[in-house]
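Residue-level listing of the chains:
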Amino acid sequence: MSSGDDSGPTSSEASGETAAGTVEETVFTWGAPPLKFGAGASDEIGFDMSQYGVERVLVLTDPGVAALGIPQRVAENLKRYGIEAAVFDGVHVEPSDASFAAAVDHARESGPWDGFVAVGGGSAIDTAKAVDLLTSCGGELMDYVNKPVGRGVVPPGPLKPLVAVPTTAGTGAESTAMCVLDVLSMKVKTGISHWRLRPALAVVDPLLTMSLPPEVTASAGMDIVCHALESYTAGWYGDSARHRPEERVTYCGSNPVSDLWCEKAMDLIAKSFRRAVHHGAEDVEARTDMLMAATFAGMGFGNSGVHIPHANAYPIAGMVKDYRPAGYPQDEPMVPHGQSVSLTAPEAFRFSFSSAPERHLRAASLLAPDAERLSDPSEQLPRVLVGLMRDIGIPNGIGAVGYGESDVPDLVPGTMKQQRLLTTCPKPVNEEDIERILLNSVQNW
Ligand SMILES: NC(=O)c1ccc[n+]([C@@H]2O[C@H](COP(=O)([O-])OP(=O)(O)OC[C@H]3O[C@@H](n4cnc5c(N)ncnc54)[C@H](O)[C@@H]3O)[C@@H](O)[C@H]2O)c1
Ligand SMILES: [Fe+2]
């Protein structure tokens, strides 16, 4: 793979022509919503929303976050600026087509709304994106869901302003142009992705994350780690074939701007992740670093993309048996997103190492600057990841969330369906590769 670290282009590179005669991509795109970051930022939402000229705003959240009183505080602040506001606290943790539909029905019946505020983790922010899309553009959920599960219709016009207020440090959903859902009837996780889904503004307030339980801090934090690592090791944008402007995809591969954000996210993770898990209730600095890392990684992967660990996470979460993680609602089985992405990460990066050794080694040294240098360089990043996962209490492989070797053949097709993600992988990946990665991830240590 050619990388951004290369010296100047050769004359054939400058013309975009490869030896084989195909025209290489010469353009990358990068986008993110405006950001308001810092302690107390969430107390300014009334002012921020009033700048969009809105009169009626729906605040969306899940019951756990509602119990903390944060969405109600946001609604009060909106009212102080003359904006009528109501709270919908029916967001489902790890949302599904059914829970998206219930939220959309509620918004349609109680609307029309001319703006939305999402208060919560990825579950609340993603639900608000779907509600905004369907109440702004009409149609049914499956019209917009990515093909082949849905019809992949492009949103026909602009959405209403959505302000996203994360209360977990993980998904980066406040800056991405996608939302994820579980399609219950098909036992498959998929998403809707289009640049119009990007929130109008991200309001990121570290004080909202002080109450996160250690298990959610650990799982959501591993989501950040995987976003940064997968984005940093994604295929280089210039190695794909040239796109016409109308075909340009949201995720263009690793590129110089996404790389900067990911490197900084990894720095912050090295400094503060363990502290946030073990002393999160009192360590404001660690919480601030983690939320900044989540935002930065979102600005990276939200443009470059993710690959094998996230592709594997879809069947691992979608086909859950009876695993009920501590720190999360206990009413039904689930594998939280951050756990599901991290369980196969050590083995996935063993697999992808040969495609870009220097990037894997740089990532390992950013995440663990003091780690011992191993004689086998391909082991460096897996070793750093396993050390981190053990320290923060992540389950030991897919075996610890209910899957044995005999389940692997059932999981493989769910990963292979995520071609949009797998094409971001820096080297070709086939069914046998995925099967081996899953088998070697039943136990990680
Ligand atoms: N849109 C994207 O770009 C994107 C990216 C990655 C993941 N996701 C999706 O995001 C979802 C996961 O989101 P998440 O990891 O942020 O968690 P979450 O929103 O599912 O919340 C996890 C739990 O933490 C609780 N919680 C949230 N904030 C809290 C706080 N401040 N104090 C105490 N408890 C709190 C919630 O009530 C819930 O029980 C998944 O559905 C995943 O697929 C979306
Ligand atoms: Fe993720």
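Preceding this paragraph is the structure being described.
Residues numbered from 1 in each chain as written. Chains lettered and ligands numbered in written order. Predicted model: local features only at pLDDT ≥ 70, side-chain atom pairs only at ≥ 80, totals over all residues. Heavy atoms only, no water.

Novice: Just give me the short version of the overall build of the protein, but keep the residues and values in it.
Specialist: When helices and strands are tallied, the protein shows 18 helices and eight strands. In terms of overall size, the protein behaves like a compact globule, its C-alpha atoms giving a radius of gyration of 21 Å where 445 residues would be expected to give roughly 22 Å. A buried classification covers 58% of the 445 residues belonging to the protein. Excluding contacts between residues fewer than 6 apart, the proportion of contacts in the protein whose partners are at least 24 apart in sequence is 79%. (Helix = DSSP H or I, 4+ residues; strand = E, 2+ residues; numbered from the N terminus. Rg over C-alpha atoms; globule rule 2.2 N^0.38 Å. Buried < 20%, exposed > 50% of the residue type's maximum accessible area, 1.4 Å probe, protein only. Contact = heavy atoms within 4.5 Å.)

Novice: Residues and numbers for the coordination of the iron ion (ligand 2), please.
Specialist: Here the iron ion (ligand 2) is held by Asp223 (OD), His227 (NE2), His310 (NE2) and His337 (NE2), and the distances to it run 2.1 to 2.2 Å. For the iron ion (ligand 2), the four donor atoms are set out with angles of 83 to 166 degrees between them, so the coordination reads as irregular. Considered as a linear motif, the donors of the iron ion (ligand 2) on their single chain read D-x3-H-x82-H-x26-H. Linking Asp223 with His227, this pair stays in helix α8 (residues 214-232), spanning four residues, or about one helical turn. Grouping residues by exposure puts Asp223 and His227 together as buried. (Donors = N, O, S within 2.8 Å, 3.2 Å for Na, K, Ca; no water. Tetrahedral: all angles 85-135°; square planar, octahedral: opposite > 155°, others 65-115°.)

Novice: Go over the packing of helix α11 (residues 308-318) against helix α18 (residues 431-439), please, and point to the residues and values.
Specialist: When two helices pack together, you describe them by how their axes are tilted relative to each other and by the distance separating the axes. The contact between α11 and α18 brings their axes to 12 Å, and the two run at 75 degrees. By the angle between their axes, α11 is roughly perpendicular relative to α18. Packed against α11, whose contacting residues are Ile308, Asn312 and Ile316, the element α18 presents Ile434, Ile437 and Leu438 at the interface. Here the residues of the contact of α11 with α18 are counted per class, giving five nonpolar, one polar and no charged. (Axes fitted to C-alpha atoms, helices over the stretch in contact; angles between N-to-C directions. Parallel < 35°, antiparallel > 145°, perpendicular 65-115°, else oblique. Nonpolar A, V, L, I, M, F, W, Y, C, P; charged D, E, K, R; others polar.)

Novice: Describe in detail the site of ligand 1, supporting the description with residues and values.
Specialist: Taken together, 30 residues lie near ligand 1, and Asp62, Ser123, Thr167, Thr168 and Thr176 sit nearest. The side chain of Thr167 places a nitrogen or oxygen atom 2.8 Å from a nitrogen atom of ligand 1. Between ligand 1 and the protein, one listed contact pairs an oxygen atom with a side-chain N or O atom of Lys189 at 3.5 Å. Protein chains shield 95% of the accessible area of ligand 1, which is 870 Å² for the free molecule. Of all the secondary structure elements, the ones that give two or more residues to the shell around ligand 1 are α3 (63-66), α6 (122-137), β6 (178-183) and α8. Examining the composition of the shell around ligand 1, we find that four residues originate from one element, α6, more than from any other. (Near = heavy atom within 4 Å. Polar contact = N/O pair within 3.5 Å; in protein donor to acceptor, adjacent residues only side chain to side chain. Areas by Shrake-Rupley, 256 points an atom, 1.4 Å probe, with all protein chains shown as cover.)

Novice: Can you tell me about the pattern of salt bridges, naming the residues and giving the values?
Specialist: Applying the stated criterion to the full structure yields 18 salt bridges. Asp289 is the partner of Lys271 in a salt bridge, and the nearest nitrogen-oxygen pair spans 2.8 Å. One end of the pair, Lys271, is in helix α9 (residues 256-279); the other, Asp289, is in helix α10 (residues 284-304), with 18 residues separating them in the sequence. Relative accessible area serves as the criterion here: at 8%, Asp289 is assigned to the buried category. Here Glu379 makes a salt bridge to Arg350, at a shortest N to O gap of 2.8 Å. Of this pair, Glu379 sits in the loop between α14 (357-367) and α15 (380-392) while Arg350 sits in helix α13 (residues 345-352), and the two are 29 residues apart along the sequence. Classification of Glu379 by relative accessible area gives partly exposed; the value is 26%. By relative accessible area, Arg350 is classed as partly exposed at 31%. (Salt bridge = Lys/Arg side-chain N within 4 Å of Asp/Glu carboxyl O.)

Novice: Lay out helix α5 (residues 97-110) with the relevant residues and their values.
Specialist: Between its terminal C-alpha atoms α5 stretches 20 Å, which fits the 20 Å expected from 14 residues at 1.5 Å a residue. Among the residues making up α5, those that are buried are Asp97, Ser99, Phe100, Ala103, Val104 and Ala107. Looking at the buried positions of α5, the neighbouring elements they touch are β2 (56-60), β3 (84-88), α6, α7 (141-144) and β6. (Expected span 1.5 Å × (residues − 1).)

Novice: Describe the packing of aromatic side chains, listing the residues and the values that go with them.
Specialist: The tally for this structure, following the rule as stated, stands at five aromatic pairs. Ring geometry for Trp30 and Trp261: centres 6.1 Å apart, planes at 10 degrees, overall stacked. Residue Trp30 is found in the loop between α1 (11-14) and β1 (35-37), and its partner Trp261 is found in helix α9; the two are separated by 231 residues along the sequence. A cation over a ring is seen here: Arg56 above Trp113, with NZ or CZ 4.1 Å from the ring centre. Seen from the ring of Tyr232, Arg359 lies directly overhead, with NZ or CZ sitting 5.0 Å from the centre. (Phe/Tyr/Trp six-rings, centres within 6.5 Å; stacked < 30°, edge-to-face > 60°. Lys NZ or Arg CZ within 6 Å of the ring centre and 35° of its normal.)

Novice: Before we move on, can you summarise the nonpolar core with the specific residues and values?
Specialist: As a rule of thumb, nonpolar side chains are buried together in soluble globular proteins. Judged by nonpolar contacts, the single largest core of 71 residues is most densely connected at Met222, Val225, Leu229, Met266, Phe273, Ile308 and Leu385. Residue contacts for Phe273: discarding those within four places in its chain leaves Thr217, Ala218, Gly221, Met222, Val225, Leu268, Met290, Leu388 and Ile392. (Core = buried A, V, L, I, M, F, W, Y, C linked by side-chain atoms within 4.5 Å.)

Novice: Describe the sheet that holds strand β4 (residues 115-120), listing the residues and the values that go with them.
Specialist: Across the sheet, which stays open at both edges, the six strands sit in the order β1-β8-β5-β4-β2-β3 with parallel pairing between neighbours. Here the strands that pair on one side only, and so sit at the sheet edges, are β1 and β3. On average, each strand axis in the sheet is inclined to that of its neighbour by 15 degrees, with strand direction left out of account. Across the sheet, helix α4 (residues 70-80) lies against β2, β3 and β4, angled at about 170 degrees from β3, the strand it touches most. Across the face of the sheet, α6 comes into contact with β2, β4 and β5 (162-166) while running at roughly 165 degrees to β4. (Pairing = 2+ DSSP bridges.)

Novice: Explain the environment of Val153 residue by residue, including any values.
Specialist: In this fold, Val153 is placed in the loop between α7 and β5. Look at Val153 and you get partly exposed, because its relative accessible area is 39%. It is 9.5 Å that separates the C-alpha atoms of Val153 and Ile192, two residues lying 39 residues apart in sequence. Not counting residues within four places of it along the chain, the set of residues in contact with Val153 comprises Asp143 and Tyr144.

Novice: Could you give me a rundown of the side chain of Ser342, with the residues and numbers involved?
Specialist: In this structure, Ser342 sits in helix α12 (residues 337-342). The contact partners of Ser342, leaving out residues within four places of it in the chain, are Met222, Cys226, Met389 and Ile394.

Novice: Please provide a residue-by-residue account of the environment of Arg362, values included.
Specialist: Its location among the elements puts Arg362 in helix α14. Measuring from C-alpha to C-alpha, the distance between Arg362 and Pro112 comes to 50 Å, with 250 residues separating the pair along the chain. The residues contacting Arg362, other than those within four sequence positions of it, are Tyr232 and Glu263.

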